[in-house]
Amino acid sequence: MLFVVTSVVFALLATTTAVDVPDFAAHFCSKTRYEDSSAAYRSLLADSDADRSLLRAPSGERCSPVHLTALVRHGSRYPTVKNIRAIRQLSDLLRRERERRDGRQVRSGPEEGERDQDSDTWMRDVLSRWDMWYTDDMDGQLAAKGREDLRQLATRLAAAFPSMLGEESVRGGRVRLLTSSKHRCISSVEAFQDGLHLAANVTPVHYRHQVDDGLLRAFDGCRDYVEGVEKNRTALAEVHKFKRGPEMAALRKKVAGKLGLPLHDLTPDLLEAAFFLCSYELAIKSLRSPWCFLFDTHDAKVMEYKCDLKLFWKRAHGHAINLLASCPLFHHVFRTLDKAGWPRRASDAPPDPASILIGHAETLLPFLGLLGLYKDETSPTADNYHAQHGRRFRSSQLVPYAANVLLVLLDCARGPRLQLLVNEAPVRFPALPDDDAPLYRDVRAAYRHLLDGCDYAEACGGAATGGRTPNTEL
Ligand SMILES: *[C@@H]1O[C@H](CO)[C@@H](O)[C@H](O)[C@H]1NC(C)=O
C-alpha cells in the first residue's frame with residue numbers, strides 16, 4: 001500500500017511540475033483544479049512521507065472505520081455550450097477588431113496606430129498563439145484530465161480506507177455507486193471505479209453504478225427553487241449589481257485597454273469568458289493559455305468574488321430553498337449512516353462498507369450548507385467585496401474539480417463516531433467544535449431539526465413543470 005501511495009505522489013509530482021501554473025490558479029472558482037485548491041492535496045505533494053492517516057479518533061479510544069460515504073464532484077471538464085458560445089463571441093470580436101485595424105493601417109500608413117501599439121501587441125500575441133478550438137459538442141464533457149482526477153482520488157481513498165474500499169469490497173461488489181445522469185458524472189463514476197480496481201489489482205472492471213437524479217439533482221424537480229431562484233433575476237440581484245459595480249468596471253477597463261477593444265464591446269460576460277479560458281486551458285490541456293496574461297491575482301480575486309456571489313445566492317446559504325431542495329440527499333446520507341452504524345443480528349446482511357455519490361458543485365454546496373458549514377457572519381453582497389477577503393464561503397476551496405465530502409463512520413469503544421472531511425482534510429461539525437470525530441448520536445442530535453424536518457415536498461411546493469433545460473452547468 002505504501003508503494004501505491006508513493007507512486008501516486010510521484011505521478012502527481014511529474015504532472016504538476018511540468019505545468020507553468022498561473023499565480024492565481026487557486027482563484028478559478030468551481031473551475032479550479034483540485035491540486036491548486038486543496039490544502040490536503042498540497043501537503044501530500046509537499047511531503048510524500050507525510051502520515052496519510054486521515055482519521056482523527058480520540059486518542060486512547062479504540063476505533064475502526066466501518067463505513068465511508070463520499071459525495072464527489074465530477075473531474076475537470078470542457079466548457080458547456082453556453083460558455084463555448086461566449087468564448088466564440090470573444091474570439092470573433094478580437095479578430096474583427098484586428099481586421100479593422102489592419103484595414104486602417106493599409107489606408108493611412110503605419111504611424112496612425114502608434115497610440116494603440118501596446119494593445120496591438122497584446123491582441124496580436126493572443127491571436128497568434130491561440131486558436132478557437134472549442135466546438136459545441138464538447139458541451140461539458142469530462143476531459144481526459146478529469147478522468148485522471150477521479151482515478152487518482154479513488155486510488156488515494158482506497159489507500160486511506162483499505163477496509164472499506166480495498167480488494168475485498170471491490171471484488172465483492174460491495175461499494176455502492178450512485179451518479180447524476182450528466183455525461184461528465186457518468187464518465188467520472190467510471191473513472192472512479194477504474195481507480196478502485198487498479199488499486200485493488202482487480203481486472204477486468206465491471207461497472208456497477210446506478211443513475212439517481214432524484215438524489216443528486218433534486219433541485220431540478222423543486223418548483224419553488226426553479227421559479228423562485230433559478231429563473232428569478234431578483235433572487236440574484238447582488239450578482240447583477242456586482243457585474244455593473246466599480247470593481248468589475250475597473251477590471252473591464254483594464255482588460256479592454258490591454259486588448260484595444262472598445263469598453264462597451266467587452267461585456268462582463270465576455271470578460272468572464274476570457275478569464276475562464278485561462279482556467280479551462282490549464283485544467284484541460286495543462287498549459288498556460290495566452291489569455292492568462294490579461295489578469296493578475298488582484299483581478300482574479302474580483303472574478304472569483306463574482307462567481308462566489310452567484311454560487312452563494314443560487315446554490316448555498318443565500319436563500320433557504322437552495323438548501324432545502326437537497327433534503328432528499330441529506331436524508332439518504334443519514335439513512336445510510338444509520339444502517340451502517342446500528343447493531344445487527346448475525347443473520348442480517350452486512351451494510352455496504354462504502355457509498356459513493358457522484359454529482360456536481362450544485363450537489364455538494366447545498367449539502368455543506370445543510371450541515372451549516374462555510375456560513376459567514378455577513379452575507380457577500382455587491383457592496384462588501386473588500387470586507388469579504390477572509391470569507392469562509394470560497395468556491396475555489398470548496399468545489400474545485402473532483403471536490404469531495406467524506407463521512408467516515410467509526411466503530412469505537414464508546415459507540416459509533418462520525419468524522420467529516422472536505423477535500424480530504426478533517427473538518428468539524430459547527431455544532432460540535434471540540435471534536436474531530438464526535439459520537440454519531442451527538443451528530444444526529446445536532447441535526448435533529450433536519451432529520452425530523454427538511455421536508456422537500458413542503459419546501460418545494462410541488463414538482464417543477466415543463467421540459468425545461470435548466471441552466472445548471474457546474
Ligand atoms: C424572486 O426573488 C425575490 C427575492 O428573493 C423574492 O422576493 C420573490 O418572491 C421571487 N419571485 C418569485 C416569483 O418567486
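Please refer to the structure higher up on the page.
Sequence positions are assigned chain by chain, starting from 1 and proceeding in written order. At least 70 in pLDDT is required for a residue's local features to be given in this predicted model, at least 80 for side-chain atom pairs to be given and counted, and no such filter applies to totals for whole chains, interfaces and linings, which use all residues. To get the side-chain values, take all heavy atoms of the structure and skip hydrogens and water.

### Concerning the overall build of the protein chain
Starting at the N terminus, helices and strands are each numbered in turn, a helix being any DSSP run of H or I of at least four residues and a strand any DSSP run of E of at least two. Check the secondary structure of the protein chain and you find 22 helices and seven strands. When accessible area is computed with a 1.4 Å probe and restricted to protein chains, residues below 20% of their type maximum are described as buried, those above 50% as exposed, and intermediate ones as partly exposed. Each of the 474 residues in the protein chain was classed as buried or not, and the buried ones make up 55%. Within the protein chain, counting contacts between residues at least 6 apart in sequence, those at least 24 apart form 80% of the total. Accessibility throughout is a Shrake-Rupley quantity obtained with a 1.4 Å probe, and a residue counts as covered only by protein chains that appear here. Counting every atom, the protein chain has about 20300 Å² of accessible surface; 51% of that belongs to carbon and sulfur. We call two residues contacting when some pair of their heavy atoms lies within 4.5 Å.

### Description of the packing of helix α14 (residues 268-285) against helix α15 (residues 297-315)
For the pair α14 and α15, the least separation of the axes is 11 Å and the interaxial angle reads 115°. Taken together, the axes of α14 and α15 are roughly perpendicular relative to one another. Regarding α14 and α15, the two cross each other, and that crossing is left-handed. Judged by residue contacts, L271, E272 and F275 of α14 engage A300, M303 and K306 from α15. Gly is put with the polar residues, along with every residue not named as nonpolar or charged; the nonpolar set is Ala, Val, Leu, Ile, Met, Phe, Trp, Tyr, Cys and Pro, and the charged set is Asp, Glu, Lys and Arg. Residue composition of the contact of α14 with α15, grouped by class: four nonpolar, no polar and two charged. Simply put, an axis is a line fit to the C-alpha atoms, just over the touching stretch for a helix, and the angle between two N-to-C directions goes from 0 to 180 degrees. Oblique is the label for any angle not covered by the other classes, which are roughly parallel (under 35 degrees), roughly antiparallel (over 145) and roughly perpendicular (65 to 115). Crossing chirality is assigned from the near helix's rotation relative to the far helix, an anticlockwise turn below a right angle marking it left-handed and a clockwise turn marking it right-handed.

### Some remarks on the site of the ligand
Taken together, G228, N232, T234, A235 and H319 make up the full set of residues adjacent to the ligand. Each polar contact in these results corresponds to two N or O atoms within 3.5 Å; when the atoms are within protein, one needs to be able to donate a hydrogen and the other to accept it, and residues that are neighboring in sequence are counted only if both atoms are side-chain atoms. Between the ligand and N232, the relevant distance is 2.3 Å, taken from an oxygen atom to a side-chain nitrogen or oxygen of the residue. For the ligand, the accessible surface in isolation is 360 Å², of which the surrounding protein chains cover 39%. Residue classes in the shell around the ligand are distributed as one nonpolar, four polar and no charged. One heavy atom within 4 Å of a molecule or strand is enough for the residue carrying it to be called near that molecule or strand.

### Examining the packing of aromatic side chains
Only centres within 6.5 Å qualify two rings of Phe, Tyr or Trp (six-membered ring in Trp) as a pair; their planes then separate them into stacked at under 30 degrees, edge-to-face at over 60, and tilted for everything else. Using the criterion set out here, one finds 21 aromatic pairs in the structure. The interplanar angle of 80° and the centroid separation of 5.6 Å between the aromatic rings of F312 and F393 together place this pair among those described as edge-to-face. Remark: F393 occurs in the loop between α18 (361-370) and α19 (395-398) and F312 occurs in helix α15; sequence separation between them is 81 residues. Residue classification places F393 among the buried residues on the basis of a relative accessible area of 2%. Among the aromatic residues, those joined into a ring-pair cluster are F24, F28, F275, F276, Y280 and F295. Two thresholds decide whether a charge sits over a ring: the Lys NZ or Arg CZ must be within 6 Å of the ring centre and within 35 degrees of the ring normal. Across from the ring centre of F276, 4.3 Å away, lies the NZ or CZ of K31, which sits over that ring.

### A word on the pairing of strand β4 (residues 354-359)
Of all six residues in β4, six are buried, a share of seventy percent or more. Side-chain alternation along β4 places A354, I356 and I358 on one buried face and S355, L357 and G359 on a second face that is also buried. Bridge count for strand β1 (residues 63-73) against β4 is six bridges, and the pairing is parallel. Across the sheet, the residue bridging to V72 is I358, located in β4. A strand pair is defined by DSSP finding two or more bridges across the two strands.

### Some thoughts on the pattern of salt bridges
Only one rule defines a salt bridge in this text: a Lys or Arg side-chain nitrogen within 4 Å of an Asp or Glu carboxyl oxygen. In the structure shown here, the tally under the stated rule is 33 salt bridges. Close ionic contact of D120 with R124 constitutes a salt bridge, the shortest N to O distance being 3.0 Å. You can see D120 and its partner R124 sitting in helix α5 (residues 117-129), four residues apart, about one turn around the helix. According to the relative accessible area criterion, R124 is partly exposed, its value standing at 30%. A salt bridge links E227 to K231, with the shortest nitrogen-to-oxygen separation between them at 3.9 Å. For K231, a relative accessible area of 51% gives the class exposed. Here the residues in one salt-bridge network are E97, R100, R101, D102, D120 and R124, joined through shared partners.

### Things to note about the side chain of S180
Looking at the element boundaries, S180 is found in the loop between β2 (175-179) and α9 (183-200). Taking relative accessible area as the criterion, S180 reaches 0% and is therefore assigned buried. Separated by 3.1 Å, the side chain of S180 and the backbone nitrogen of K182 make a polar contact. A distance of 2.8 Å separates polar atoms of two side chains, one belonging to S180 and the other to H360. Ignoring any residue separated from it by four or fewer positions in sequence, one finds S180 in contact with C185, I186, V211, D213, L216, R217, I358, G359 and H360.

### Some remarks on the nonpolar core
Proteins that are soluble and globular tend to have nonpolar side chains buried together. We define the nonpolar core as a collection of buried residues of types Ala, Val, Leu, Ile, Met, Phe, Trp, Tyr and Cys that are connected through side-chain atoms lying within 4.5 Å of one another. Y134, W291, F330, F367, F429 and Y447 are the most contacted members of the largest nonpolar core, which has 98 residues in total. For this core, the leading source of residues is α14, giving twelve residues. Once residues within four sequence positions are removed from consideration, F330 is found in contact with F367, L370, L371, Y447, L450 and L451. By size, the runner-up hydrophobic cluster in this structure holds 32 residues, among which are L157, F161, L177 and A437.

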